[in-house]
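Listed below, chain by chain, are the residues.
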Amino acid sequence: MLRHADSAGEAASRVEVTAWRPQHGRLALLYVIHAPADELKLPPMAESARVDHLWRHTCLEAFIRTPTGEAYCEINLSPSTRWAAYRFDGYREGMANLDMPPPRIESRSYPERHELEALIDLGGVPELARSDWRLGLSAVIEDADGGKAWWALNHPAGQPDFHHSDAFAFDLPAVEPA
């Protein structure tokens with residue numbers, strides 16, 4: 001991933017993400033934040049629950065749409081195991097909660113990195129169920145002193161904007177049902 005030039009946070013030297021579709025309608029993600037544990041601000045572990053405004057702190061995100069569509073979904077994953085999911089009709093328009101099962105989130109800390117692995121079931125989202133996907137994968141990383149860095153596969157010109165169509169930079173083909 002690429003760090004946005006306007007980022008103030010410097011704890012993370014690198015953020016990596018791997019995305020795959022292990023089954024029809026499912027998205028698997030593995031985020032690795034390369035940063036010393038004492039320089040990274042992570043929310044405390046909590047019971048998995050839907051919570052808004054996770055992006056205000058360290059948060060790992062996936063934006064999903066079809067290759068030709070305007071509508072998209074936003075999934076927010078916190079290292080605490082809290083999560084949020086929204087759907088949009090178009091660029092930052094028509095936002096509503098996305099009805100989906102809670103994702104399975106595993107969060108692991110090590111002295112020099114943090115990992116978050118998630119399995120997300122999007123099989124109940126009709127426009128995504130049988131389609132190829134275009135993903136925007138991103139992260140907000142907060143330093144221990146409160147500075148934030150914005151990471152993404154691609155950044156549009158100007159301020160950080162994970163919703164912008166230029167941020168949808170990874171194509172993931174459909175997987176046929178078993």
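About the criteria used
Residues numbered from 1 in each chain as written. Predicted model: local features only at pLDDT ≥ 70, side-chain atom pairs only at ≥ 80, totals over all residues. Heavy atoms only, no water. Pairing = 2+ DSSP bridges. Helix = DSSP H or I, 4+ residues; strand = E, 2+ residues; numbered from the N terminus. Axes fitted to C-alpha atoms, helices over the stretch in contact; angles between N-to-C directions. 1 Å grid on protein atoms, 1.4 Å probe; cavity = no way out; pocket = protein on both sides within 12 Å on 5 of 7 lines; lining within 4 Å. Points joined across faces, edges and corners; volume = space filled by probe spheres on them. Nonpolar A, V, L, I, M, F, W, Y, C, P; charged D, E, K, R; others polar. Core = buried A, V, L, I, M, F, W, Y, C linked by side-chain atoms within 4.5 Å. Buried < 20%, exposed > 50% of the residue type's maximum accessible area, 1.4 Å probe, protein only.

Strand pairing in a sheet relies on backbone hydrogen bonds. The paired strands run either parallel or antiparallel. If you walk across this open sheet you meet the 4 strands as S2-S3-S9-S8, and the pairing is antiparallel. Looking at strand neighbours, the two that pair on one side only are strand S2 (14–20) and strand S8 (104–110), the edges of this open sheet. Strand after strand, the sheet turns through a mean of 10 degrees between neighbouring axes, direction not considered. Summarising the sheet, strand S3 (residues 26–34) and strand S9 (residues 113–121) pair through 9 bridges and their orientation is antiparallel. Its bridge partner lying in S9, His34 is registered against Arg113.

Further remarks concern the layout of surface pockets. Taken as a whole, the largest pocket holds about 390 Å³ of empty space. If you go around the largest pocket, you meet 19 residues; those closest to its centre are Trp55, Glu61, Glu74, Arg92 and His163. Of all the secondary-structure elements, those providing two or more residues to the lining of the largest pocket are strand S4 (59–65), strand S5 (72–77), strand S6 (83–88) and strand S11 (148–152). When the residues that make up the lining of the largest pocket are grouped by side-chain class, the tally is 9 nonpolar, 3 polar and 7 charged.

On to the nonpolar core, then. If you look at soluble globular proteins, the nonpolar side chains tend to sit buried side by side. By size, the foremost hydrophobic cluster in this structure holds 36 residues, and its most contacted members are Leu27, Ile75 and Leu122. Residue assignment for this core shows that the elements contributing at least two residues are S2, S3, S4, S5, S6, S9, strand S10 (133–142) and S11. Considering each element in turn, this core owes the most residues, 5 residues, to S10. Counting 11 residues, the second largest nonpolar core, distinct from the first, contains Leu54, Tyr72, Ala152 and Phe168.

With 7 of 9 residues buried, S3 lies mostly within the body of the structure. Note that S2 and S3 share 7 bridges and pair antiparallel. Along S3, the bridge assignment pairs Glu16 with Val32. Joining the antiparallel neighbours S2 and S3 is a turn of 5 residues, in which Gly25 adopts a positive phi near 80 degrees.

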